[in-house]
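# Remarks on the overall topology
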Amino acid sequence: MNESRVPLQGAYTMSAIREMVGSWRLTHQTVALVPTMGNLHTGHLSLMEDASSRADRVVCSIFINPAQFAPEEDFSLYPRTLAEDEALLAEQGIVDLVFAPEERDVYPFGVENMVGVTMPELSSQLCGASRPGHFDGVASVVLRLINIVSPDILILGEKDYQQFVLLERMIKDLQLSIQVESTPIQREKDGLAMSTRNQYLTADERRIAPKLHAELERVRNSLREGDQDYQAVEARASLALETAGFDPDYVEVRRAADLGRPNGMGSCEGLIVVAAAWLGRARLIDNVRV
Ligand code: PAF
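Residues numbered from 1 in each chain as written. Predicted model: local features only at pLDDT ≥ 70, side-chain atom pairs only at ≥ 80, totals over all residues. Heavy atoms only, no water.

### What to know about the pattern of salt bridges
What counts, and what does not: Whenever a carboxyl oxygen of Asp or Glu lies within 4 Å of a side-chain nitrogen of Lys or Arg, that contact is scored as a salt bridge. The way it works is that DSSP assigns letters per residue, a run of H or I at least four long becomes a helix, a run of E at least two long becomes a strand, and they are numbered from the N terminus.
A complete count under the given rule lists 17 salt bridges for this structure. Here Arg 25 makes a salt bridge to Asp 152, at a shortest N to O gap of 3.2 Å. Taken together, the residues Arg 25 in helix H1 (residues 14-26) and Asp 152 in the loop between helix H6 (134-149) and strand S5 (153-157) connect sequence positions 127 residues apart. Bridged by salt links that share partners, the residues Asp 50, Arg 54 and Glu 181 form one connected network.

Below, the structure written as structure tokens:
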């Protein structure tokens, strides 16, 4: 337990969260927000650690946002483990406040009637190509969480790299006065990126899953060795994933700064390889910097 922090408290209403954060503001304490959908694992805890090194107070929001799930996606099956999450956070002592609002508080007029954020074109590429509207839904809830919590810093994980780039863009474009920071991916010993959805994998699929990261590392190595035929590299990686048992959604070489397509000229510095692939019921995403 981090002795400098008070025991974990919970806020489940708008007035409770505003009151708590307001009391910190009165004493000029800075606040970091870590937005999550709960079912917390070691990957999330690294976000909380990062948050606590950057601000006086850490708020972890837990809200499974219906607006970012398409009708056929796993909203109803998504693990809901608030009591376990709170127990874990209390034991860790990193977070000061858990904010777990009700859907009617986040969307007072209902999700169907919400005022939404429309994200730029990048939101319909990569993960957005197979999840139309997903990033609009993410942005719509994160903007609300920022407005409710009014943090100084927003902490996001790099596993959802496209989400990070798009939210950074939203914050700049809407001129929100909040700093955004990203935290590196946490991996299992065999390289699999930590994710709530890993629990959807069967034992056999779990053995295959690390091959996604291994393939991305192979792509990174060939780019470092000077290969600039990105399309060929991407196609080879997709085929290798298919052969391993995945149903790949995409493997792409992009610029890390804005996820734009690189022109294939010059050095590979500043590039990132991003991928998404289905393995059984789990849609896994991962990325490596070149
Ligand atoms: O990354 C997630 O868990 C979610 O997309 C987020 C940022 C909490 C918004 O619902």
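### Description of the sheet that holds strand S8 (residues 271-279)
For the record, the criterion: At least two DSSP bridges between two strands are required for those strands to pair. Axis angles are defined between N-to-C directions and span 0 to 180 degrees, where every axis is a line fitted to C-alpha atoms and, for a helix, only to the segment in contact. Contacts: residue pairs with any heavy atoms within 4.5 Å of one another.
Taken in spatial order, the 3 strands line up as S7-S8-S9 in an open sheet, and their pairing is antiparallel. Edge positions in the sheet fall to strand S7 (247-255) and strand S9 (282-289), since each has one partner strand and no second. Taking the axes of each pair of neighbouring strands and ignoring which way they run, one obtains an average angle of 10 degrees across the sheet. Note: S8 against S9, 8 bridges, orientation antiparallel. Pairing of Trp 278 across the sheet is with Arg 283, part of S9. Helix H9 (residues 211-224) contacts S7, S8 and S9 of the sheet and is inclined by roughly 30 degrees relative to S9.

### Side note on the side chain of Ser 222
Counted only if it meets this: Buried residues are those whose accessible area, probed at 1.4 Å on protein chains only, stays under 20% of the maximum for their type, while exposed residues exceed 50% and partly exposed ones sit between those limits.
Summarising the element assignment, Ser 222 is placed in helix H9. By relative accessible area, Ser 222 is classed as buried at 17%. Those residues in contact with Ser 222, other than ones at most four positions away along the chain, are Asp 227 and Val 233.

### Remarks on the site of the ligand
What counts, and what does not: We call a residue near a molecule or strand when any one of its heavy atoms sits within 4 Å of it. Under the rule applied, a polar contact is a pair of N or O atoms within 3.5 Å (in protein, one hydrogen donor and one hydrogen acceptor; residues adjacent in sequence only if both atoms are side-chain atoms). Residue burial considers only the protein chains on display, and all accessible areas are found by Shrake-Rupley using a 1.4 Å probe. Residue polarity is assigned by list, with Asp, Glu, Lys and Arg as charged and Ala, Val, Leu, Ile, Met, Phe, Trp, Tyr, Cys and Pro as nonpolar; anything else, Gly included, falls into the polar class.
For the ligand, the full set of nearby residues is Pro 35, Thr 36, Met 37, Asn 65, Gln 68, Val 138, Val 141, Val 142, Asp 160 and Gln 163. At 2.6 Å from an oxygen atom of the ligand is found a side-chain nitrogen or oxygen belonging to Gln 68. Contact distances for the ligand include 2.7 Å between an oxygen atom and a side-chain N or O atom of Gln 163. About the coverage of the ligand: the protein hides 88% of its 290 Å² of free accessible area. Those elements that place two or more of their residues in the shell around the ligand are strand S2 (31-36) and H6. Of the residues assigned to the shell around the ligand, the class counts are 5 nonpolar, 4 polar and 1 charged.

### Points about unusual backbone geometry
For His 28, which is not glycine, the phi torsion reads 60 degrees and is therefore positive. A positive phi angle is found at Asn 39, which is not glycine, with a value near 50 degrees. Within the fold, Asn 39 resides in the loop between S2 and helix H2 (42-54).

### Observations regarding the packing of H9 against helix H10 (residues 230-244)
Two quantities define a packed helix pair, namely the angle between the helix axes and the distance between the axes. We count it as follows: Note that the term roughly parallel is reserved for angles under 35 degrees, roughly antiparallel for angles over 145, roughly perpendicular for angles of 65 to 115, and oblique for everything else. For any helix crossing, the convention is left-handed if the near helix is rotated counterclockwise from the far helix by under a right angle, and right-handed if that rotation is clockwise.
Orientation of H9 relative to H10, taken along the N-to-C sense of each, is 155 degrees, at an axis distance of 10 Å. As judged from the angle between their axes, H9 and H10 are roughly antiparallel. Crossing of H9 over H10 shows right-handed handedness. For the pair H9 and H10, the contacting residues are Lys 211, Leu 212, Glu 215, Val 219, Ser 222 and Leu 223 in the first and Tyr 230, Val 233, Ala 237, Ala 240, Leu 241 and Ala 244 in the second. Residues belonging to the contact of H9 with H10 are distributed by class as follows: 9 nonpolar, 1 polar and 2 charged.

### A look at the pairing of S2
Extensive coverage of S2 is indicated by the burial of 6 of its 6 residues. The sheet contact formed by S2 and strand S3 (residues 57-62) spans 6 bridges and is parallel. Following the sheet pairing, Ala 32 is matched in S3 by Val 58.

### A closer look at the packing of aromatic side chains
The line we're drawing: Stacked, edge-to-face and tilted labels apply to pairs of Phe, Tyr and Trp rings (six-membered ring for Trp) whose centres lie within 6.5 Å, assigned for plane angles under 30 degrees, over 60, and everything in between, in that order. Think of it as a cone above the ring: NZ of Lys or CZ of Arg counts as a charge over the ring if it is within 6 Å of the ring centre and within 35 degrees of the ring normal.
A full pass over the atoms with the stated rule returns 4 aromatic pairs. Here the aromatic cluster, defined as three or more aromatic residues joined through ring pairs, consists of Phe 69, Phe 75 and Tyr 78. Above the plane of the ring of Phe 75 lies Arg 80, whose end atom (NZ or CZ) is 4.8 Å from the centre.

These figures come from the coordinates and say nothing about function on their own.
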